[in-house]
Amino acid sequence: MERLAVCPGTFDPVTLGHLDIITRAAALFDRVIVLVSVNVDKRPSFSAEERADLIKAVTKNLKNVEVEIMDGLLAEYVKEKKACAIVKGLRATTDFEYEFQMALANRKLYADAETVFLVTKSENMYLSSSMVRQIASFGGDISSFVPEEIVERISAGLLEGK
Ligand code: COA
């Protein structure tokens, strides 16, 4: 049976940290869906379609990776797709409690999928989408934080939004 994993997140915008996790998930599972999802506590700078497009641009060489957008419950989506895993990147201890809570809630809602945490590369330990947004909105250089092919689009989008 095909082993499908879902990588959910806000991806506002996708960073080298996310790409590392997606690439490693693609090596572990038969198929991976990167799912642009809604975190009710966040007000994204990029539209869901723009975020999905940016992810598609940086994952085009990963043949078993697809990108989708969802505004519902993650557990329902995972169940409907019959995915066996939810893959998340774990950075510092600060991520742990929040991720632990979400993993437990998702298991209560749908017990047949495991949340799998991949430990982030040390160079991405302190990287976040909000840091990228902040640097780019002041015209700073984000090329060490996001894949090269989307640097311009992100910088232009965030400078415009100011
Ligand atoms: N490297 C670098 N940064 C990383 C990273 C990595 N490997 N993994 C995560 N991050 C960063 C992200 O960029 C993000 O940064 P930001 O806060 O500055 O924007 C931050 O860590 C948190 O990312 P993530 O863990 O993906 O959380 P999220 O808030 O983006 O996404 C959802 C959370 C969308 C997955 C969650 O809210 C959800 O499942 N929503 C659907 C609705 C639902 O089912 N809700 C109930 C859940 S129990």
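Residues numbered from 1 in each chain as written. Predicted model: local features only at pLDDT ≥ 70, side-chain atom pairs only at ≥ 80, totals over all residues. Heavy atoms only, no water.

Another aspect to go through is a negative patch on the surface. Where like charges cluster on the molecular surface, the negative patch consists of Glu49, Glu50, Asp53 and Glu160. At three residues, helix H2 (residues 48–59) tops the list of elements feeding residues into the negative patch. Locating Glu50 in the fold gives a position in helix H2. Glu50 sits in the partly exposed class, given a relative accessible area of 37%. (Patch = residues over 30% accessible without salt bridge, like charges linked within 9 Å, V, L, I, M, F, W, Y side chains within 5 Å. Areas by Shrake-Rupley, 256 points an atom, 1.4 Å probe, with all protein chains shown as cover. Salt bridge = Lys/Arg side-chain N within 4 Å of Asp/Glu carboxyl O. Lys, Arg positive; Asp, Glu negative; His and termini not counted. Charge placed at Lys NZ, Arg CZ, Asp CG, Glu CD. Helix = DSSP H or I, 4+ residues; strand = E, 2+ residues; numbered from the N terminus. Buried < 20%, exposed > 50% of the residue type's maximum accessible area, 1.4 Å probe, protein only.)

Turning our attention to helix H3 (residues 74–81). Listing the buried residues of H3 in full gives Leu74, Ala75, Tyr77 and Val78. Angular distribution of buried residues about the axis of H3 spans 160°; they occupy a single face of the element. Tucked inside the fold, the buried residues of H3 contact strand S1 (4–9), strand S2 (31–36), strand S3 (65–69), strand S4 (85–90) and helix H4 (93–109). Lys82 lies just past H3 and shows a positive phi near 55°. (Arc of directions from axis to C-beta. Contact = heavy atoms within 4.5 Å.)

Now for the site of the ligand. Close to the ligand lie 26 residues; Thr10, Asn39, Leu74, Ser129 and Ser130 are nearest. One of the side-chain nitrogen or oxygen atoms of Asn39 is found 2.7 Å away from an oxygen atom of the ligand. Note that an oxygen atom of the ligand is positioned 2.7 Å from one of the side-chain N or O atoms of Ser129. The protein chains hide 87% of the 940 Å² of surface that the ligand would expose on its own. Where the shell around the ligand is concerned, the elements lending two or more residues are S1, helix H1 (16–28), H4 and helix H5 (129–137). (Near = heavy atom within 4 Å. Polar contact = N/O pair within 3.5 Å; in protein donor to acceptor, adjacent residues only side chain to side chain.)

Another point: the packing of aromatic side chains. Following the criterion strictly, the structure yields one aromatic pair and no others. Ring geometry for Phe96 versus Phe100: centroids 5.3 Å apart, planes at 45°, classification tilted. With Phe96 and Phe100 both in helix H4 and four residues apart, the pair spans about one turn of that helix. What makes Phe96 partly exposed here is its relative accessible area of 41%. For Phe100, a relative accessible area of 41% translates into the label partly exposed. (Phe/Tyr/Trp six-rings, centres within 6.5 Å; stacked < 30°, edge-to-face > 60°.)

This brings us to the pairing of strand S5 (residues 114–119). The sheet contact formed by S4 and S5 spans six bridges and is parallel. Bridging across to S5, Leu90 finds its partner in Val119. (Pairing = 2+ DSSP bridges.)

This paragraph deals with the pairing of S4. Burial runs high along S4: five of the six residues are buried. Of the pairings in the sheet, the one linking S1 to S4 comprises two bridges and is parallel in character. Of the residues in S4, the one forming a bridge with Val6 is Ile86.

The sheet built from five strands is open, its strands ordered S3-S2-S1-S4-S5 with parallel pairing. The outermost strands of the open sheet, each flanked by one partner alone, are S3 and S5. Averaged over all pairs of adjacent strands, the angle between strand axes in this sheet comes to 30°, irrespective of strand direction. Both S1 and S2 contribute to a ladder of six bridges, which runs parallel. Paired with Leu4 across the bridge in S2 is Arg31. H2 contacts S2 and S3 of the sheet and is inclined by roughly 175° relative to S3. In the packing of H4 onto the sheet, the strands contacted are S4 and S5, and the crossing angle to S4 comes to about 175°. (Axes fitted to C-alpha atoms, helices over the stretch in contact; angles between N-to-C directions.)

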